[in-house]
Amino acid sequence: MAASPVEVDPVTVVLESHRNTPGALLPILHEIQDALGYIPRDAVVRVADAMNLSRAEVHGVVTYYHDFRSEPPARHVVQVCRAEACQSVGAEALIGQVRERLGCAKQERSADGRYSVEPVYCLGLCASGPSLMIDERLHARMTQEKFEQLASRMEKES
Amino acid sequence: MKEVTVYVPKDSAALAVGANEVAAALQVQCGDRGLPIRIVRNGSRGLLWLEPLVEVATTGGRVAYGPVTVDDVPGLLDAGLLEGAPHALCQGAVEAIPYLATQERLTFARVGVNDPLSITDYEALDGFSGLRRAATLDSTAIIEEVTNSGLRGRGGAAFPTGIKWKTVRLAEGPQKYVVCNADEGDSGTFSDRMTMEGDPFMLIEGMAITALAAEATEGYIYIRSEYPHAIASMNEAIARAEAAGFLGDDVAGSGKSFRLSVRKAAGAYVCGEETAMLESIEGKRGIVRSKPPLPALQGLFGKPTVINNVITFASVPIILSRGAEFYRDYGVGRSRGTLPLQLAGNIKYGGLIEKAFGVTLRQLIYEYGGGTRSGRPVKAVQVGGPLGAYVPESQWDVPLDYEAYAAMGAAIGHGGIVVHDDTANLSKLARYAMEYCAIESCGKCTPCRIGSTRGVEVIDRITAGGTAVASQSEQVELLRSLCDTMLNGSLCALGAMIPFPVLSALNQYPADFRIVEPAHPRAAS
Ligand SMILES: Cc1cc2nc3c(=O)[nH]c(=O)nc-3n(C[C@H](O)[C@H](O)[C@H](O)COP(=O)(O)O)c2cc1C
Ligand code: SF4
Ligand code: FES
């Protein structure tokens, strides 16, 4: 209970807090990912044991949903909407520019591991497209110039 | 000097274009100038091209300015923003802006007006009066009121809401659930999000009334993970409603209990399908269940469950407070009441427009929307999300009505309207539809899982050009028969409706598919 912060293991805390939650698997996985950035293999094992599920079941859920990651994320995750409303105002070109700018032209993640550019299917900003989200922050009416400002701000951060 | 109230929206669509920065700049610069202000973070009025839309309370009512950037703030203050003075960005009295003034806002009446998380503000504008009335009625009387209002589900399938509730009420079992579908996966739609961010108590009130009607004691709101602000808003509103006695052991003095919690989805479009959503809340992969059994009888954890869309629940409080007849008086045919439409894509004045059924697409696109944002001609309009058809111009004067749309092979769905200008290539959009289906398919049925990937390949072969005309028409035939198979052999609307955008694109825009001979419209739309 009164363990000092250094000793607290996030997976244990999450599992404890959901003892009485019905159908708790999604909230548990979300909270583990919030704490660790992804869902490590050993967490899958511990979640399975704690919930009386097979590892395959938990693994199946982790891989089924687009949100859950089995690997640590890049330092900055840029999610660009490529759904219809954003397409109608140039999302496709924007995605190309974003990829190019962050060194992700050929692959999802930049060679230095700092950036990843991922598609997302609608952020609910469809009247103000094109839209994107950087590390959970929303940006709409995006242009190449506006993205350049965001990109240089990311570069300045360590 | 007297303190002036200034409104700066905190809706996602305002935050995404800098509303927080504008609010901070106002606070600091008014402080520097010794101008006392109180900033209220309201929801959005839905005039989204004007966001961030700053409003100032004056003796003559609220005056609007937008779109405001941080750089505009000093000039606005110089001009006399706090007195509602003229400025290039001044839009005049907000409630007189025609876009807003001509709407029929029943569900969105409060959105954008006040602090969405203030119960006092909510009650000052008729909030919780529907629930207070429901708490004095027995469950059959509540259901009768909703049935008589003519309300149908706003999530897409338009099923009569009262009938669904009645099935759950009559089902046997000590434990029943109310589940809100807030997955809002359809691109081009955002009315659920605006409701949850802009008037969360309305959704809570609607769900609490439903719980009394269906005799359910527990509820979930399943919200897509792409909506972090809606999730935060609902969690806070639930806590406040519980503290104020509108949720919990004794809902609004009814003596009945109802507990509500939020579930965050995990980025799977198909989990908006109601049975896949139930699987997901139960902690499983979101695979569509076969029906029967109906979720109304065996739903969440196998128990009787009411599932409705956010807007369906949000329409209920006013039906209870003003009566079934008041609501039913809006609309046409069997489509009663109002629908919050979402005007999106390449549109000059995009936003939320709540109108009675019967409004036309042409009115929406031109009278409200002002045509395309690019200024080029409108080429294509997709109604009803990614599974909706491209509605040809010859049908833009058809009154919006579930039956009329079904008759022309289209669907209103969740009320999303996405406009494309003449630079759009409809074969690319058709290909995208198939690709999207392949990405999001739950995998249960072959026509959807495999057919969608085949669809991408066939469209690629059609548009490749250089192929002999005979072989191209063979490929077109193949695409049509593939669509037929998907339409008839899919368990849910993802596989069964993806043919709508694909075939309507093919039939109306054969040139985009590099088809020289006109494609003969055979299948629906
Ligand atoms: C693939 C698919 C996705 C769906 N997505 C949603 C959604 O995001 N929100 C929603 O309310 N209904 C969605 N539906 C419809 C639901 O299955 C269901 O009809 C609805 O939640 C019932 O509520 P209503 O009667 O209030 O409309 C979807 C259906 C399918 C087949
Ligand atoms: S149509 Fe597609 S999404 Fe729907 S149940 Fe079948 S495989 Fe799953
Ligand atoms: S389509 Fe891009 S935000 Fe909705």
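Now for a quick tour of the structure. Note on numbering: residues in each chain are counted from 1, in written sequence order. Written order determines the labels here, with chains lettered from A and ligands numbered from 1. The model is predicted, so local features are restricted to residues of pLDDT at least 70 and side-chain atom pairs to those at 80 or more, both for listing and for counting; the totals for chains, interfaces and linings are taken over all residues. Note that the side-chain values use all heavy atoms of the structure and ignore hydrogens as well as water.

Section: the overall build of chain B
Helix numbering and strand numbering both begin at the N terminus, where a helix is a DSSP run of H or I of at least 4 residues and a strand a DSSP run of E of at least 2. Helix and strand counts for chain B come out as 22 helices and 15 strands. Its C-alpha radius of gyration of 24 Å places chain B within 12% of the 24 Å reference for a compact globule of 525 residues. Each of the three principal axes of chain B carries a C-alpha extent, and together these read 80 × 60 × 40 Å. In chain B, which comprises 525 residues, the proportion classed as buried is 61%. When contacts within chain B are restricted to residue pairs at least 6 apart in sequence, those whose partners lie at least 24 apart make up 71%. Residue-level accessible areas treat just the shown protein chains as cover; the underlying method is Shrake-Rupley with a 1.4 Å probe. In the form shown here, chain B has an accessible surface area of approximately 18,200 Å², with 53% of it arising from carbon and sulfur atoms. C-alpha atoms define the radius of gyration, and 2.2 Å times the number of residues to the power 0.38 defines the globule rule. Accessible area is worked out with a 1.4 Å probe on protein chains only. A residue is then buried under 20% of its type maximum, exposed over 50%, and partly exposed in between. In what follows, residue pairs with any heavy atoms lying within 4.5 Å of each other are defined as contacts.

Here we look at the packing of helix α3 (residues 41-51) of chain A against helix α4 (residues 55-64) of chain A
Residue and element names in this part refer to chain A. Axes here refer to lines fitted to C-alpha atoms; in helices the fit is confined to the stretch in contact. Angles between the N-to-C directions go from 0 to 180 degrees. Look at α3 against α4: their axes get within 8 Å of each other, and the N-to-C directions meet at 120°. Classified by the interaxial angle, the pair formed by α3 and α4 is oblique. For the pair α3 and α4, the sense of crossing is right-handed. For the pair formed by α3 and α4, the contact residues are Val44, Val45, Val47 and Ala48 on the first element and Arg55, Val58, His59 and Val62 on the second. Tallied by class, the residues present in the contact of α3 with α4 amount to six nonpolar, one polar and one charged. Should an angle lie under 35 degrees it is considered roughly parallel, over 145 roughly antiparallel, and from 65 to 115 roughly perpendicular; all remaining angles are considered oblique. Throughout, a crossing is termed right-handed when the near helix is turned clockwise from the far one, and left-handed when it is turned anticlockwise from it by less than a right angle. Basically, the charged four are Asp, Glu, Lys and Arg, the nonpolar ten are Ala, Val, Leu, Ile, Met, Phe, Trp, Tyr, Cys and Pro, and anything else, Gly included, counts as polar.

As for the site of ligand 1
All names here are of chain B. We call a residue near a given molecule or strand whenever any one of its heavy atoms falls within 4 Å of it. Close to ligand 1 lie 20 residues, the nearest being Gly155, Asn181, Asn308, Asn309 and Thr312. Between ligand 1 and the protein, one listed contact pairs an oxygen atom with a side-chain N or O atom of lysine 164 at 3.0 Å. The term polar contact refers here to a pair of N or O atoms within 3.5 Å; inside protein, the definition further demands a hydrogen-donor-capable atom paired with an acceptor-capable atom, and it admits residues adjacent in sequence only when both atoms are side-chain atoms. Within the contact set of ligand 1, an oxygen atom lies 3.0 Å away from a backbone nitrogen or oxygen of glutamate 274. Protein contacts shield 92% of the accessible area of ligand 1, which totals 610 Å² for the unbound molecule. Of all the secondary-structure elements, those providing two or more residues to the shell around ligand 1 are β9 (305-309) and α21 (493-497). When residues of the shell around ligand 1 are assigned to their parent elements, the largest contribution, three residues, is made by β9. A breakdown of the residues in the shell around ligand 1 according to their chemical character gives five nonpolar, nine polar and six charged.

Brief notes about the site of ligand 2
Residues in close proximity to ligand 2 total 13 residues, the closest being Cys442, Lys444, Cys445, Cys448 and Cys492 of chain B. Residue composition of the shell around ligand 2, by class: eight nonpolar, four polar and one charged.

What about helix α11 (residues 228-243) of chain B?
Residues and elements named next belong to chain B. Helix length check: α11, at 16 residues, gives a terminal C-alpha distance of 23 Å against a target of 22 Å (1.5 Å per residue), a fit within 8%. Turning to α11, its buried residues are Ala230, Ile231, Ser233, Met234, Ala237, Ile238 and Ala241. All buried residues of α11 lie within an arc of 165° about the axis, which places them on one face of the element. Buried positions along α11 lie against α5 (119-124), α9 (191-198), α10 (200-214), β7 (218-223) and β8 (259-264). Backbone geometry just downstream of α11 places glycine 245 in the positive-phi region, at approximately 85°. What a helix should span is 1.5 Å times the count of its residues minus one. As used here, the arc belongs to the directions running from the helix axis to the C-beta atoms.

So, the pattern of salt bridges
All names here are of chain B. Each reported salt bridge corresponds to a side-chain nitrogen of Lys or Arg within 4 Å of a carboxyl oxygen of Asp or Glu. In this structure the tally under the stated criterion is 34 salt bridges over all chains. Its salt-bridge partner being glutamate 104, residue lysine 355 comes within 3.6 Å of it at the nearest N-O pair. Of this pair, lysine 355 sits in strand β13 (residues 351-356) while glutamate 104 sits in the loop between α4 (98-101) and α5, and the two are 251 residues apart along the sequence. The class of glutamate 104 is partly exposed, set by a relative accessible area of 27%.

Observations regarding α9 of chain B
Of all eight residues that make up α9 of chain B, eight are buried, and the element is covered over most of its length. Taken together, the buried positions of α9 of chain B are Ser191, Asp192, Arg193, Met194, Thr195, Met196, Glu197 and Gly198 of chain B.

Purely spatial values, then, with no claim about function.
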